[in-house]
Amino acid sequence: MSKKQLGRFWPIYDGGSDEQKAKGLHLVQNLVFIEEQLTQLQGEIREKGVVSEYQNGENQWGTRKSPEVDVYNALLKNYISGIKQLNEIFGEQAQAEDELTEFLKNGRGGGAK
C-alpha cells in the first residue's frame, strides 16, 4: 500500500505495529475513499444547492432535500465512525497532541487540587 493510496492517514498507519496495521488497513482504505466521495459531493452540493425540484405525475411538483445531501450525510456519519475506530485501533498516536492537551496533562490547570 502506497502513501498516496493511504492519503493523509499514512503517518498514523505507518507508525502502527504490524497488528495495528493488519486491523486498520481496510478501515484506512475506506476512510480515504469516503474522503474522496465527500469532497466530490461537496462540489455537487455547492453547485446544485441543498434543495432539488421533483415531479410526481403530470401536475404534482415540489421541492425536497437533494439526494446528494442525503448521501453526503450518510457518508459523513460513516466517516466519523471510521475515525473513532481508527483512534481505537491506533490509540493515542492517531491523536495529535496540542498545547492544551500537554498543559492539562502536566497538571498546571490552576484549579483547586
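In the block above lies the structure referred to throughout.
Visitor: Quick question: what am I supposed to make of the side chain of serine 66 here?
Guide: The topology assignment puts serine 66 in the loop between β2 (60–65) and α4 (67–90). By relative accessible area, serine 66 is classed as buried at 2%. If we skip the residues at most four places from it in the chain, serine 66 touches Gly49, Val50, Val51 and Ser52.

Visitor: Whenever I open this one, the pattern of salt bridges confuses me. Can you help?
Guide: It is possible for side chains of opposite charge to pair when their charged atoms get near one another. Tallying each qualifying case throughout the model produces five salt bridges. Close ionic contact of aspartate 14 with lysine 21 constitutes a salt bridge, the shortest N to O distance being 4.0 Å. Of the charged contacts, one joins glutamate 19 and lysine 23 as a salt bridge, the two residues approaching to 3.3 Å between their closest N and O atoms. Of the two residues, glutamate 19 and lysine 23 both sit in helix α3 (residues 18–48), four residues apart, roughly one turn of that helix.

Visitor: Quick question: what am I supposed to make of the nonpolar core here?
Guide: Nonpolar side chains in soluble globular proteins tend to be buried together. Counting residues in each nonpolar core, the largest one holds 19 residues, and the members touching the most others are Phe9, Tyr13, Val28, Leu31, Leu38, Tyr79 and Leu86. Those elements that place two or more of their residues in this core are α2 (10–14), α3 and α4. Top contributing element to this core by residue count: α3, with eight residues. Residue contacts for leucine 38: discarding those within four places in its chain leaves Tyr72, Leu75, Leu76 and Tyr79.

Conventions we followed
- Residues numbered from 1 in each chain as written.
- Predicted model: local features only at pLDDT ≥ 70, side-chain atom pairs only at ≥ 80, totals over all residues.
- Heavy atoms only, no water.
- Helix = DSSP H or I, 4+ residues; strand = E, 2+ residues; numbered from the N terminus.
- Buried < 20%, exposed > 50% of the residue type's maximum accessible area, 1.4 Å probe, protein only.
- Contact = heavy atoms within 4.5 Å.
- Salt bridge = Lys/Arg side-chain N within 4 Å of Asp/Glu carboxyl O.
- Core = buried A, V, L, I, M, F, W, Y, C linked by side-chain atoms within 4.5 Å.

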